[in-house]
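Topology and contacts: notes
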Amino acid sequence: MRASIDISEISDYLKSQIPVVALDVLAPEQSNVLLRLRDEFLSKLKSETYIWNIGYGTLKKVAIAEDNGLVLQECPEFKNPPNIEPLLYIFDYIQKCDKNKKAVFIISDIAPFIDGGSRHSVEIASKVKNLCFDLKPTDKRLIILGQNIKLDESLVRLIPYCEMQLPTIEKVVNHFNEYISFITESAACKDIKLLLKLNSDDIEELGRALLGLTLEEIGDFMRLNCRKKRNGNTITVDRDLINAAVQYKTRILAQMQIELAEPSDIDFGGLDILREWLHKRRRLFNQEARNYNLPKPKGMLLAGPPGTGKSLVAKTTAKILNLPLLQLDLASMLGSLVGESEANVKRALKTAEAIAPCILWLDEVEKALSGSGDTSGVSQRILGMILTFMSESKEGVFIIATANNVAELPSEFKRKGRFDEIFYVALPTEQERVEILTKHLVRFGCSDVEQEYIEAVAADADKFSGAELENLASEASLIAFDEGRPQKVTLADLQKARKSIVPLAIQDSTKIEHMEKWAATARPASTIKHVQPEKTSYKVNMDFN
Ligand code: ADP
């Protein structure tokens, strides 16, 4: 991420003999941006706007259609000679065409060709560099437009970079109101009535639900839903639209492997230090804290063996802090096409900023950032993007990174000060096991289990993780049901269930021991000392009867 100029400044740059600008825009926002730029260049530079991309393979003039939408007109004066590669010819054309022409040329979707690593990129970088000097005395200007633009080193200092942000709540609400007026007018021409049953608070809530989408996506959503809500000659716009907006956004984000996760409906057991730490911060994102200019929490790293409740904590934190939760599965993003994973991470970070205050949960972060087996350098670049975001973002995005294997995490990520706190979430202590077992037995409808039974089985469940204790509770309740005693769990049921599980920490003890050594450098999530004495015996055959 580089320091970005604002889109409203582009005309000023072009006017000041800075003839080439890079503009980074999410794909669904491009046509809106083209219309906006066309108007601005016409009024401020008295210049027409043209666009070229590989898909068109030719130059088109940006114009406005009768319905105020975007239309691209043919340019008969542009002819690509048959023996010249179109991707190279467009730069020659811009350089050689009429020097008195007042024109802004937008070349889009050439991002993969200007980062220095692809076919033609050396030639293209050189041609763009020439244009940075040659266009200065002319009225011809060039914009390199695309999603996730990375400039070749030789161009970085020559070309100002502008990155479009996702719309703010004010912009979203304005866009909605404008859209409703537009639909009301156009529907009236066809004798259709629009009934708006939303007050200003509802519209604000709708706006929040739509945050993180581009204006173009919001337009698509509105068109789709107005059509669905038409009944005869009436379109009713009511609070149903808010739910529909959440679902629409969830779907759009899921396409980019960003999940709008549900906060947890169960609370975690144990982890008292972590709980207290979170509760102290629960009001830090509200207006009162903002008035006092208190530092916004940056986030926390939770590391510990699998199944110890780290994901559950992330989901419960959303509830405690009362913030939306964006879950990013970085590991599966890495499997995307080259360039796509970085674009997705970038979009996720932008979305988080647009939705802020919110929680951004980076799940199993070590899988994506360890870099093992990655020869393309993509994990390194993603790590860079996340670290820059963490140090620069001021929007109130609370990051929760969870990791099962700290050894694989790059040290830059674990450095002091990066997160507000790094917690080691260990296997639960005996007292915590009682708490966790009780919670899950109650969840499965078994609230009357004798306390001493739970304590006895918890004492014999050394090295069980929270997930394994949940499994134990569910097994025991199934046994009781199977034996015709629904919800009446006995000690023998618990014992039988206990024996059917061999905890992962026993199966894979070396990994856990490794992690416990590292744990000394982190803050424990629970009060009681977790590191077990060297030789703990594992009582498989304890007899409860
Ligand atoms: P991790 O992310 O550490 O691998 P999870 O949060 O996915 O572990 O745990 C899986 C499940 O185990 C949780 O959904 C929850 O039902 C149960 N669990 C784990 N730890 C706890 C805990 N401390 N309290 C209650 N339930 C727990």
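Structure first, text after, so check above.
A short tour of the structure in this document, coming up. Just so it is clear, the structure is predicted and the values come from calculations on it, not from any experiment. (Residues numbered from 1 in each chain as written. Predicted model: local features only at pLDDT ≥ 70, side-chain atom pairs only at ≥ 80, totals over all residues. Heavy atoms only, no water.)

Take the packing of aromatic side chains next. As enumerated under the stated definition, the model contains eleven aromatic pairs in all. Ring plane angle 55° and centroid distance 5.2 Å describe the contact between Phe 221 and Tyr 248, whose orientation is recorded as tilted. Taken as a pair, Phe 221 in helix 8 (residues 215–228) and Tyr 248 in helix 9 (residues 240–254) lie far apart in primary sequence, 27 residues in all. Overall, Phe 221 belongs to the buried group, its relative accessible area being 0%. Here the aromatic rings of Trp 277 and Phe 423 are separated by 5.4 Å at their centres, their planes lie at 80°, and the arrangement is edge-to-face. Note that Trp 277 is positioned in helix 10 (residues 272–280) and Phe 423 in strand 16 (residues 421–424), a separation of 146 residues in sequence. Residue classification places Trp 277 among the buried positions, given a relative accessible area of 6%. The aromatic ring of Trp 277 is capped on one face by Arg 281, whose charged end is 3.9 Å from the ring centroid. (Phe/Tyr/Trp six-rings, centres within 6.5 Å; stacked < 30°, edge-to-face > 60°. Helix = DSSP H or I, 4+ residues; strand = E, 2+ residues; numbered from the N terminus. Buried < 20%, exposed > 50% of the residue type's maximum accessible area, 1.4 Å probe, protein only. Lys NZ or Arg CZ within 6 Å of the ring centre and 35° of its normal.)

Another point: the site of the ligand. Neighbouring the ligand are 15 residues, the closest being Gly 269, Gly 307, Lys 310, Ser 311 and Glu 470. For the ligand, a nitrogen atom lies 2.8 Å from a polar atom in the backbone of Gly 269. Within the side chain of Lys 310, one N or O atom sits 2.6 Å away from an oxygen atom of the ligand. Look at the ligand: alone it shows 550 Å² of surface, and the protein chains cover 82% of it. A class-by-class count of the residues in the shell around the ligand yields six nonpolar, seven polar and two charged. Both domains that furnish three or more residues to the shell around the ligand are identified here as domain 3 (261–424) and domain 4 (430–520). (Near = heavy atom within 4 Å. Polar contact = N/O pair within 3.5 Å; in protein donor to acceptor, adjacent residues only side chain to side chain. Areas by Shrake-Rupley, 256 points an atom, 1.4 Å probe, with all protein chains shown as cover. Nonpolar A, V, L, I, M, F, W, Y, C, P; charged D, E, K, R; others polar. Domains from an automatic or database assignment.)

Let us look at the side chain of Ser 108. Structurally, Ser 108 can be placed in strand 5 (residues 103–108). Apart from residues lying up to four places away in sequence, Ser 108 is in contact with Ile 51, Trp 52, Asn 53 and Leu 145. (Contact = heavy atoms within 4.5 Å.)

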